[in-house]
Amino acid sequence: MDEIISHLKKKCVDYEIYSVYSNETSNEIFNDRVSFTASGNAMSLGIRVAIDKKIGFSYTDNLKDYKRCIDAALYSAKNNEPDKDFPGFGTSGVKGKIKPSKEVLGIDSEWISKTSKEIITDTKSRNKNIMVSEGGISKSLAKVRIVTSEGLDAEESYGKITASFGFSLKKDSIIENVGITKASEHKLDTTFGKEAAERLESLFVRKSIDSGNYQLLLHPETLAALLSESYAFSINAENVHMNKSRFCNMNNKPVFHKSISITDDGTTKWLLASRSFDSEGTKTRITKVIDNGILKSYISDRKYGQISKKGSTGNASRSASTLPSISTNNVIMRPGTKNDLFSECGKAIYARGLLGVHTMNEATGDFSLGVQEGHLIKNGKVVCPLKGVVIGGNFFKIMNDVTAMSKKLENVPHSGCSYLVPYALFNSITATSG
Amino acid sequence: MEEAISLALKKGAEFAEITSVKSSRNFIETTDQKIKELSSGSKELNSIRVLHNGRWGLAYSFEKDLKRLAFEALENAKSSDFSVKLNLQKPVKRKFTTAYKKNPEDYSLEEKKSNILKLCKKPDNISNLKVIYSDSVIKTNYINSEGSDLSYEDVTSGVLCWSFAKKGDKIENFFEIERIKGGYEILERAENCISTAIKKSIMMLNAITPKGCVTNTVTDQKLGGVLAHEAIGHACEADLVLSNASLLHGKLGKTIGNKLVNITDNGSLPKAWGYVPFDSEGIPGSRTALVENGVLKRYLHNRETASLTNSKPTGNGRAMNPAAKAIVRMTNTYFENGDSTFDEILNETKNGYYLKGSAGGQVDPASGEFLFNATEGYEINNGEIGRMLKGASLTGNIMQTLHNIKLIANDMSLGTGFCGKGGQYVPVGDGAPHILIEKARVGGV
């Protein structure tokens, strides 16, 4: 790193060096056995330079090649147009405090293999016909360092263990499957064989329902998936500035039902996306985004924080081979008031898993999604698993139409973040079946 | 490289392979006729995979210390369970290069930037216009203990345009992508890509949302391609079949659709986006007929599933990068041409929907339920194309849908995309002619 800094200093330009060293050990499951074990490391370097507000960027995985990388960044800066809104690179003032936990550091390929087999054995002890069809466990470590010409030099290390398994069950030529993912920066919860068995068995035998309007009960995982699309898009200060967001000019105005409050949390240690500083070296924080349905803040990086004159909220995210862009940290919803939402249901579709969430229109909020794992609920009772049901609606509309939320929040790992979200019941959704 | 292979064999491995990938990329992103990003970069990764006592182990690094990686891979294999006794294949020695008209490396980033900016003219009624240009060169070297020695220099380029139109409080958007196996000749397609995205985003402001219903539906080449890929291709992947995760398990030789239906996976088409001259396990890409005249004929295999089922590998073992496991993946998957024309299909439809383009899709290969979102749609009234639709999805069950195909046109074309499975993304092609599906479930708002 010293050589790289020294070489950049000679070029008399403003610079930012972003380096990531990562190390991973993982396995894969295929048909109830550990079919593959891998380990390795990767190093990558991203260099941004600024010449009279003209930005250049290049990256490499070959550290010996850093001079060519710097030359490429300088070349792109010289050929770029000035960015009048460029806020400069990060300045000193942050210090990395996070380290991988002892639990994660102590994990090796043998532990991963042993734990995977325990999960398989536990699941099959619940129902011997269940097959652990795919998935595996991975341990990942990463060390990030940011150095800028403005005096920032911050380094932090992270460790994470993730288990993601697919389970299937065949009965009378009908196959059902479910997937379960758990992630932690400390201790991994591996006791999900019971959940897999119960969810699989509840899916026999699916039935069609009449098309029409139903209440919609979303499991926290499905609510998190919807939030990660339209909510994350709409609160992004760049999308607001670019006139792409439904939340343009909506600051301090109601955007969701008054019972909904959401914060963006980059600091709470036990959550997945918590960091001391974001990818531009800005100290992370807790940002109140939605308060009683009122939009209170967008999330931003240095550039859009400067444009809005409100400063960065510590939401810059990147890899070494990409420029920083705005993304959510951990998404925390305020709990609701109900112990049990099922008893609140008259005639409802309970969506445990949805098909095609990534296809929804994140800007307009329009969606048309298959109910992959869901049940019909009548008067608080589960009637049957659903077959061939599609729900259509608009994200912003249903978020203004919520009737109840659970007291309990679930910690859902999604896109590298933790979503702490409740079960949520919505007044009406259109279902097509047939 | 050969030394590390020899070392692995000396330590008892029955099979070993080394993959080395170096890539470079140029990238230009503009927003509202201004440069947002102008960059270039390179990546490099090396790996060795071994099969030792029937157990797979892999090690990778950005450094090329292959002997150390061989020891690490052998150690990792001990943590795996017995997997397979591999059927060995004949060695192949060949070099492949993508054919291109204009080498992207012959044009400076400055010239590319200038040409792209000239095309990014934003009309007044467009609130935001994003245009991305990229080109990349990926050099893959592969050797294995069978004696195969392969290399592939793959040149690709693409243009993406995402246009947002605004009228009062209403925002609509449309994106258009052009990708090719080729070089800077992509610029010839950029203008049309950008103007299409702009025009369609404005049209979307007046589009109506369809009511969910079951009706006659015509799919275009792109959406039909997604049907071939998502609904049939995934269910034909032998790893899913073997692990009880595909409803096509045990259906080889059985009728699964209308006799008009012929579906193929073909990794041997050099100009197609999913071309694999050799897969990530050194097996040449090939043409595999999955469905012929409505009858399921074959599954797709990597080395492991082929050995487990005493089949031939089909060149479908693909890994996203050298660090990942080569799992069974599609290449270019498509419905073969039928003998109808598009006009005949519209006339036969009478009333229904015409769904075009793909905004993504997902399938549950076990139950056969699928959902694909169209980027645009149109009413069909008395055989004529009517009002524009937005937010329409095609959903259904694989088996029912294949039986409900009534007509297939003779205008097949292949599109480009990326497929995700097990956290890995690989380039794939998919395509179809226009298809008429009776009693299709169309989801709306």
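Residues numbered from 1 in each chain as written. Chains lettered and ligands numbered in written order. Predicted model: local features only at pLDDT ≥ 70, side-chain atom pairs only at ≥ 80, totals over all residues.

> Any details on the overall build of chain B? Residues and values, ideally.
The helix and strand tally for chain B stands at nine helices and 24 strands. Compactness check: chain B gives a C-alpha radius of gyration of 23 Å against a globular reference of 22 Å for 445 residues, within 12% of the reference. Counting only C-alpha atoms, chain B reaches 70 × 55 × 35 Å along its principal axes. For chain B, buried positions account for 58% of its 445 residues. Taking the intrachain contacts of chain B between residues at least 6 apart in sequence as the baseline, contacts between residues at least 24 apart amount to 72%. (Helix = DSSP H or I, 4+ residues; strand = E, 2+ residues; numbered from the N terminus. Rg over C-alpha atoms; globule rule 2.2 N^0.38 Å. Buried ≥ 20, exposed ≤ 12 C-beta atoms within 10 Å, placed from the backbone. Contact = placed C-beta atoms within 7 Å.)

> Describe helix α3 (residues 109-119) of chain B, with residues and values.
When α3 of chain B is considered as a whole, its buried residues turn out to be Leu 109, Lys 112, Lys 113 and Ile 116 of chain B. The buried residues of α3 of chain B all sit within an arc of 100° when viewed along its axis, so they share a single face. Those residues of α3 of chain B that are exposed and angled more than 90 degrees off the buried face are Glu 111, Ser 114 and Lys 118 of chain B. The secondary structure elements touched by the buried residues of α3 of chain B are α2 (66-78) of chain A together with β1 (15-31), β2 (34-52) and β5 (126-144) of chain B. (Arc of directions from axis to C-beta.)

> Which residues make up the sheet that holds strand β22 (residues 413-421) of chain B, and what values go with them?
Residues and elements named next belong to chain B. Here six strands make up an open sheet; going across it, the order is β11-β10-β9-β14-β23-β22 and the pairing mixed. Across the chains shown, the open sheet's two edge strands, defined by having one partner strand only, are β11 (295-296) and β22. Summarising the sheet, β22 and strand β23 (residues 424-432) pair through nine bridges and their orientation is antiparallel. In the sheet register, Phe 418 faces β23, and the bridge partner there is Pro 427. On top of the sheet, helix α5 (residues 221-233) reaches β9 (263-266), β10 (287-292), β14 (332-335), β22 and β23; it is set at about 125° to β23, its chief contact. (Pairing = 2+ DSSP bridges. Axes fitted to C-alpha atoms, helices over the stretch in contact; angles between N-to-C directions.)

> Now, about the domain arrangement of chain A: what can you tell me, with residues and values included?
Residues and elements named next belong to chain A. The assigned domain composition of chain A is domain 1 (2-201) and domain 2 (206-434). Spacing between the C-alpha centres of domain 1 and domain 2 amounts to 24 Å. Contributions of two or more residues to the side of domain 1 that touches domain 2 are made by β1 (14-29), β2 (34-51), β3 (54-60), β4 (131-148), β5 (153-171) and β6 (174-184). (Domains from an automatic or database assignment.)

> Let's hear about the pairing of β1 of chain A: which residues, and what values?
All names here are of chain A. Judged from the 16 bridges that link them, β1 and β2 form a sheet pairing that is antiparallel. Each residue of the ladder has a partner; that of Glu 28, found in β2, is Phe 36. Counting the residues that bridge the hairpin from β1 to β2 gives four residues, and of these Asn 31 lies at a positive phi of roughly 55°.

> Give me the domain arrangement of chain B: which residues, what numbers.
All names here are of chain B. In terms of domain boundaries, chain B breaks down into domain 1 (2-204) and domain 2 (213-443). Each of domain 1 and domain 2 has a C-alpha centre, and these two points are 23 Å apart. Between domain 1 and domain 2, the residue contacts involve 27 residues of the former and 25 residues of the latter. Contributing elements (two or more residues each) for the side of domain 1 that touches domain 2: β1, β2, β5, β6 (149-167), β7 (170-181) and α4 (187-204). Residue composition of the side of domain 1 that touches domain 2, by class: 14 nonpolar, eight polar and five charged. (Nonpolar A, V, L, I, M, F, W, Y, C, P; charged D, E, K, R; others polar.)

> Describe the packing of helix α1 (residues 2-10) of chain B against helix α2 (residues 66-77) of chain B, naming the residues involved and giving the relevant values.
All names here are of chain B. At a minimum axis separation of 9 Å, α1 and α2 run at an interaxial angle of 30°. Taken together, α1 and α2 sit at an angle that is classed as roughly parallel. Crossing hand, α1 versus α2: right-handed. Here Glu 3, Ala 4, Leu 7 and Ala 8 of α1 lie close against α2, whose contacting residues are Leu 66, Lys 67, Leu 69, Ala 70 and Leu 74. (Parallel < 35°, antiparallel > 145°, perpendicular 65-115°, else oblique. Left-handed = near helix turned anticlockwise from the far one by under 90°.)

> How would you explain the interface of chain B and chain A if you had to name every residue and give the values?
Taken together, the contact pairs 67 residues of chain B with 67 residues of chain A. A total of eleven residues in the side of chain B that touches chain A trace back to one element, the largest contributor, which is β2 of chain B. Residues belonging to the side of chain B that touches chain A are distributed by class as follows: 23 nonpolar, 29 polar and 15 charged. Examined bridge by bridge, β2 of chain A and strand β3 (residues 55-61) of chain B share five bridges and lie parallel to one another. Considered in β3 of chain B, the bridge of Gly 40 of chain A is made with Tyr 60 of chain B.

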